[in-house]
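# Structural overview
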Amino acid sequence: MSDSSVLYDVPGPRAIARNRVLGVLTVLVVVAVLGWLIWRLWDTGQLSAEKWYAFTFTNVWVQFGLATLRTLAAFGAAAVGALILGFVLAIGRMSDHAWVRWPFTVVVEFFRAVPVLVFMFLLYYGLPVIGVKMSPYWAVVIALVAYNGSVLAEVIRAGVESLPRGQREAGYAIGLRKAGVMRLILMPQAIRAMMPVIIAQLVVTLKDTALGFIITYPELLFTAKSLGSQSQLDSPIIPATIVAGAIYITLCLILSFVANTVEKRLRSDARTPRVANANQPTQEITDTELIIAQKGAGKYDSTSL
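Quick caveat: nothing in here was measured; it's all calculated off a predicted structure. (Residues numbered from 1 in each chain as written. Predicted model: local features only at pLDDT ≥ 70, side-chain atom pairs only at ≥ 80, totals over all residues. Heavy atoms only, no water.)

### Side note on the overall build of the chain
Each helix and strand counted, the chain has 10 helices and 0 strands in total. If you list the helices and strands of the chain from N to C, you get α-α-α-α-α-α-α-α-α-α. Within the chain, contacts between residues separated by at least 24 positions form 70% of all contacts whose residues are at least 6 apart in sequence. Approximately 19,600 Å² of the chain is accessible, and the part contributed by carbon and sulfur atoms is 66%. (Helix = DSSP H or I, 4+ residues; strand = E, 2+ residues; numbered from the N terminus. Contact = heavy atoms within 4.5 Å. Areas by Shrake-Rupley, 256 points an atom, 1.4 Å probe, with all protein chains shown as cover.)

Pasting the structure below:
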């Protein structure tokens, strides 16, 4: 068997040595940068006990806990709304009728093109100009739903269109309508295929909740900024940012773990064959039928005996 493929050649001894040298240099550069950052934080007193004194108060941790809950509240509503909107927009984008498909296409492209922060500004600062007032929470949620829903619509559409055409034709051949083919055949396979991309977009949704601090939504970043600006606590902006960043990283890791677990279960369920009447007693068969089955023959062959 050849050691190479059309897309990739197995590296030789010199290439392996070169890759190892580049890997070692990359690790050394990363360690050097991290070491320099830690040294600068220590040299400027950001790691001193005085800067971290604020975190000896229980009330500070309570405020960070409440901010984490507000972040999760905005993310939860935005994630559910984005998934629902994504499915609706994807189905509209794949419609056979142009008068349905084109409006959905315009909506998807518009929502994808406008930055999330601009959406939040328009909802929170723009709507009051025309007499409509919106809370920071709903401004954050609606903006995240609009943007991430349009992105997920394209993800789902790409997953459906990447499936072999025979899948659709087989559904029509057994008498299913388009809605049944989409719901029973295409969508489940597309979701399993695009699950890593959906997970990545949900992680982006979680991190984008941090943009809410600009419109005074009291989430993690807003709490960290408020604590870091208090001069009576020696303005611990760096420690507060480190704590908020650690919480964000933990939430993203938990989300990724849960989503990956769901993905693995979906894939294992898809690979598990479902045998009809598997729990029924085995019917008696003759020796000849058993030999035919073991030989893999389609009918009785006297030469096999």
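### Here we look at the pattern of salt bridges
Per the counting criterion, the structure on display carries 5 salt bridges. Between Asp43 and Arg40 there is a salt bridge, with its nearest N and O atoms 3.4 Å apart. Pair noted here: Asp43 and Arg40 are both in helix α1 (residues 13-43), with a separation of 3 residues, about one helical turn. For Asp43, a relative accessible area of 48% puts it in the partly exposed group. Bridged by salt links that share partners, the residues Arg93, Glu109, Arg112, Glu154 and Arg157 form one connected network. (Salt bridge = Lys/Arg side-chain N within 4 Å of Asp/Glu carboxyl O. Buried < 20%, exposed > 50% of the residue type's maximum accessible area, 1.4 Å probe, protein only.)

### Details of unusual backbone geometry
Of note in the backbone geometry, Thr216 takes a positive phi value of approximately 65° without being a glycine. Along the chain, the position of Thr216 falls in the loop between α7 (178-208) and α8 (220-228). We classify Thr216 as partly exposed; its relative accessible area is 38%.

### Quick look at the environment of Phe213
Locating Phe213 in the fold gives a position in the loop between α7 and α8. You can call Phe213 partly exposed: its relative accessible area is 24%. As a C-alpha pair, Phe213 and Ala224 span 11 residues in sequence and 9.9 Å in three-dimensional space. Beyond its immediate sequence surroundings of up to four residues, Phe213 is in contact with Glu219, Leu221, Phe222 and Lys225.

### A look at the packing of aromatic side chains
Where two aromatic rings form a pair, the distance of their centres and the angle of their planes describe that pair. For the coordinates displayed, the defined rule picks out 12 aromatic pairs. With a centroid separation of 5.1 Å and 85° between ring planes, the pair formed by Tyr53 and Phe57 is classed as edge-to-face. For Tyr53, a relative accessible area of 46% puts it in the partly exposed group. By relative accessible area, Phe57 is classed as partly exposed at 35%. Relative to Tyr125, the ring of Phe121 lies with its centre 5.3 Å away and its plane at 40°, an arrangement referred to as tilted. Of this pair, Phe121 and Tyr125 are both found in helix α4 (residues 116-126), 4 residues apart, which corresponds to roughly one turn of the helix. You can call Tyr125 partly exposed: its relative accessible area is 39%. An aromatic cluster is defined as three or more aromatic residues linked by ring pairs; in this entry it consists of Trp52, Phe55, Trp61 and Phe64. (Phe/Tyr/Trp six-rings, centres within 6.5 Å; stacked < 30°, edge-to-face > 60°.)

### Structural notes on the nonpolar core
Formed by 18 residues in total, the largest nonpolar core has its most connected members in Met120, Leu123, Val140, Ala143 and Leu144. Those elements that place two or more of their residues in this core are α2 (58-93), α4 and α5 (136-161). At 7 residues, α5 tops the list of elements feeding residues into this core. Residues in contact with Met120, not counting those within four places in the same chain, are Tyr125, Ala139, Val140, Ala143, Leu144, Asp208, Leu211, Gly212 and Ile215. (Core = buried A, V, L, I, M, F, W, Y, C linked by side-chain atoms within 4.5 Å.)

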